[in-house]
Amino acid sequence: MGSENKSDIKGDAELFFTAFDNSPVSILITGLDGKIVAANKLLVKDTGYSIEEMLGKTTLELGFYVDDKQREEFLKEIKEKGNIYGKEIDFRMKEGIILNCLISSNIINIDAVPHLLSTIINITDRKIIERQLFESESRHRNMFLNYPQPMWVYDTDRLIFIEVNNATIEKYKYSREELIGKSITMIKQEEDIPLLMKHLDGFSERHYNAGLWRHRKKTGELFYVEIISHVIEYNDLPARIIVAHDVTEMIQAKEEAEKMNQLKSNFLANMSHELRTPLNGILGFSEYLKDNTNEDETKTISEIIFNGGQRLLSTLNQILDLSSLEANIYKVKKSLTNFNTLFKNSCELFRLEAEKGGLDYIINLPKSELEIITDENIINNVLENLIDNAIKYTPEGFIEISLIDKDDSVVIEIKDSGIGIANDKLEIIFDEFRQASEGRGRSFEGTGLGLSLCKKFIKLLGGKIFISSNLEKGSVFTIELPRIFKEAEDNQTSEKAADVVNVSPVIATDKKLKILFVEDDLDSQELVRVICRDRYLLDIVNDGNKGIIKAKQINYDLILMDINLGLGIDGIDAAKIIRKLSHYKNIPIVALTAFAMEGDRNEFLENGCSHYLSKPFTIKSFRDLLNSIFK
């Protein structure tokens, strides 16, 4: 022990006691036995004792030490070293309050007797703050470690794991030791690493969604995660904290939904084909009979068959449209359209039927021509449903259909003086398979799909449909469509003239033109034979291979091609092969098929066929098509 630490306290006593009492830290002088010799004002204040209560008493008697072991260790250390600096000891005050203190002590001689001179700093507040910080850090660490989703921190310079939580260990099947300090690429698929490097180089945002990634467990199992990344500083290192949400089930569910949608689409296509094919014979022959017989009974029966077939076809089309909308496979085909012309032509189709029923049929058009971008097929479909309903439910009076030009919208209004709809039924009429009149005693036939389809179709165009009605007084259906003048036409699907692609017209001559019909359905063969007799020379074969052989043997002026030909090659492949023959480069090939789902027409016209007519077709539509080809 240096002599400077054992020097006698000398000098001016008044100066000493002034400094002693006014020291900014607590000062205590005791004998080696712990008996208190002196204590300054701050120590007296902190302990809660008076100076009289302290002098002559030992620290042990006053109960200063919370833990007697701390006192024993303190005395042992001071005797061995001669001094102590900055030792943390808990002291008990008079009222039992415990203070966290930092004590420093030297041995000094007073009248040649060794004493302890101790300075005591109250660090209770600091310890509270330290404990709070530790608890906060511990709380946040526990939150990190026990967060239910995998989380990790990685060094952005070295791309190594710095810390991982328990969910990461559980999900990825690695231990903490196997991950810490290792490259983050160990959980990536090898082929994804270049994309990861490119991604890391290109992103500097502090917080962002890094999207979907494939990750690999220690077992080799792959799964999909959505990564959320945030910039942090971790122990003075530049780092990012990652949250990985396992979205494998969501991805699998999405893939399963897409698979089911595809199965549904295939089912709808097959159902459409299987129903349209027999309907072709039913509608075709019943139409032929009613137009070519003079017998009243036969005409009546054929009309009943024809009307029933048309009703069945309408129901089929509605079900298929609804299914396409629900499966999100219905494609809107927008084009710049003269809306006045579209509206007028669609409305005029029903004039004869309305006037035949004794109704006043009024069409109102705006003075100016409206040209907007819309889907003509949807508009025709919606108008057909609404006008057909108006005629059906209006036994007398009028039907007034108006096209109204507004500043930011186009309004269609269909007003009738019909039976009207009760207020309590207005909310259900747009629901699928619901009607104002339901049950066995319903007043009118129908599937209850028409208005539901109208609402869905109008919504596809960004519009709205409303109804106001009074029972026994009539109804008003109002459609509001956004007035769109320009859109990027490159992004639009247009089938405005998709029934025909460019081929050379066949010049009519005095001799009968030769037609090859490739068709496996006997009823369709016979129908076309009846329509074409006396006008054309018709050859019929029932499969694609025979069609190709016939085309090579005879130069036909036109080929009618069914698509589904049963066993062997289908109509698309047959059309492609025939189209390569020198004579048939510009000869019309008509896809005459029951495939009438979304996209079918375009597919056929892009693969060898020049024209398209779907089954069931009317005799008039068939003859009109042939007349347009044989000019």
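A few points on the structure. In this text, all values refer to a predicted model and were calculated from it rather than measured experimentally.

## A few points about the pairing of strand β9 (residues 222-234)
For step 1, the next point in the chain: In this structure, β9 lies alongside strand β10 (residues 237-246), joined through 10 bridges in antiparallel fashion. If you follow V231 over to β10, its bridge partner there is R240.

## Considering the pattern of salt bridges
For step 1, the next point in the chain: Scanning the model with the defined rule gives 21 salt bridges in all.
For step 2, the next point in the chain: Taking the shortest distance from any N to any O, the salt bridge between K217 and E221 comes out at 3.5 Å.
For step 3, the next point in the chain: Between E348 and K344 there is a salt bridge; the shortest N-O distance is 3.7 Å. Of this pair, E348 and K344 both sit in helix α12 (residues 339-348), four residues apart, which is roughly one turn of the helix.
For step 4, the next point in the chain: Judged by its relative accessible area of 29%, E348 is partly exposed.
For step 5, the next point in the chain: Because the salt bridges share partners, they merge into one network encompassing K344, E348, R351 and E355.

## Remarks on the sheet that holds strand β16 (residues 464-470)
For step 1, the next point in the chain: In space, the five strands of this open sheet follow the order β12-β14-β15-β17-β16, with mixed pairing throughout. The open sheet has two edge strands, β12 (360-364) and β16, and neither has a second partner. Along the sheet, successive strands turn relative to each other by an average axial angle of 10°, direction set aside.
For step 2, the next point in the chain: In the packing of helix α14 (residues 376-392) onto the sheet, the strands contacted are β12, β14 (398-405), β15 (409-416), β16 and β17 (474-482), and the crossing angle to β15 comes to about 20°.
For step 3, the next point in the chain: Strand contacts of helix α15 (residues 450-460): β16 and β17, with the helix running at about 145° to β16, the strand carrying the most contacts.

## Structural notes on the side chain of S475
For step 1, the next point in the chain: Within the element layout of this structure, S475 appears in strand β17.
For step 2, the next point in the chain: Within the local environment of S475, its side chain forms a polar contact with the side chain of S469, the two groups lying 2.7 Å apart.
For step 3, the next point in the chain: Ignoring anything within four residues of it in the chain, the contact list for S475 reads I414, K415, D416, G420, I421, S468 and S469.

## Considering the packing of aromatic side chains
For step 1, the next point in the chain: Summed over all chains, the structure comprises nine aromatic pairs.
For step 2, the next point in the chain: With 5.9 Å between their ring centres and 75° between their planes, W152 and F161 make a pair best called edge-to-face. This pair shows no difference in class: W152 is buried, exactly as F161 is.
For step 3, the next point in the chain: Members of the aromatic cluster, each reached through a chain of ring pairs, are Y49, F64, Y65 and F91.
For step 4, the next point in the chain: Sitting over the ring of F223, K171 keeps its end group 5.6 Å from the ring centre.
For step 5, the next point in the chain: Across from the ring centre of W213, 4.7 Å away, lies the NZ or CZ of K188, which sits over that ring.

## As for unusual backbone geometry
For step 1, the next point in the chain: Here the residue pair K615 and P616 is connected by a cis peptide bond, since its omega of -5° sits within 30 degrees of zero.
For step 2, the next point in the chain: Mapped onto the secondary structure, P616 falls in the loop between β22 (611-614) and α20 (619-629).
For step 3, the next point in the chain: Of note, the phi angle at K173 is positive, near 70°, even though the residue is not glycine.
For step 4, the next point in the chain: With phi around 70°, E472 is a residue other than glycine that occupies positive phi space.
For step 5, the next point in the chain: Here E472 lies in the loop between β16 and β17.
For step 6, the next point in the chain: Since its relative accessible area comes to 62%, E472 is described here as exposed.

## Focus on the sheet that holds strand β20 (residues 558-561)
For step 1, the next point in the chain: Sheet architecture is open: five strands sit in the order β19-β18-β20-β21-β22, paired in parallel fashion. The outermost strands of the open sheet, each flanked by one partner alone, are β19 (537-541) and β22. On average, adjacent strands in this sheet sit at an angle of 20° to one another, irrespective of strand direction.
For step 2, the next point in the chain: On the sheet, helix α16 (residues 522-532) packs against β18 (514-518), β19, β20 and β21 (589-593) and is oriented at approximately 175° with respect to β19.
For step 3, the next point in the chain: Its contacts with the sheet place helix α18 (residues 571-579) against β20 and β21, and it is angled at close to 160° to β20.

## Details of a negative patch on the surface
For step 1, the next point in the chain: Negative charge collects at one region of the surface, where D67, D68, E72 and E73 lie side by side.
For step 2, the next point in the chain: Mapped onto the elements of the fold, D67 is located in the loop between α4 (59-62) and α5 (68-81).
For step 3, the next point in the chain: On the basis of relative accessible area, D67 is assigned to the partly exposed category, the value being 35%.

## Overview of the pairing of β20
For step 1, the next point in the chain: The side-chain alternation of β20 yields two buried faces, one formed by L558 and L560 and the other by I559 and M561.
For step 2, the next point in the chain: Both β18 and β20 contribute to a ladder of four bridges, which runs parallel. The residue of β20 that forms the bridge with L516 is I559.
For step 3, the next point in the chain: By the bridge criterion, three bridges tie β20 to β21 in an arrangement that is parallel. Note on β21: the bridge partner recorded for L560 is V590.

Basis of the calculations
- Residues numbered from 1 in each chain as written.
- Predicted model: local features only at pLDDT ≥ 70, side-chain atom pairs only at ≥ 80, totals over all residues.
- Heavy atoms only, no water.
- Pairing = 2+ DSSP bridges.
- Helix = DSSP H or I, 4+ residues; strand = E, 2+ residues; numbered from the N terminus.
- Salt bridge = Lys/Arg side-chain N within 4 Å of Asp/Glu carboxyl O.
- Buried < 20%, exposed > 50% of the residue type's maximum accessible area, 1.4 Å probe, protein only.
- Axes fitted to C-alpha atoms, helices over the stretch in contact; angles between N-to-C directions.
- Contact = heavy atoms within 4.5 Å.
- Polar contact = N/O pair within 3.5 Å; in protein donor to acceptor, adjacent residues only side chain to side chain.
- Phe/Tyr/Trp six-rings, centres within 6.5 Å; stacked < 30°, edge-to-face > 60°.
- Lys NZ or Arg CZ within 6 Å of the ring centre and 35° of its normal.
- Patch = residues over 30% accessible without salt bridge, like charges linked within 9 Å, V, L, I, M, F, W, Y side chains within 5 Å.
- Areas by Shrake-Rupley, 256 points an atom, 1.4 Å probe, with all protein chains shown as cover.
- Lys, Arg positive; Asp, Glu negative; His and termini not counted.
- Charge placed at Lys NZ, Arg CZ, Asp CG, Glu CD.

Scope: geometric values only; no functional claims are made or implied.
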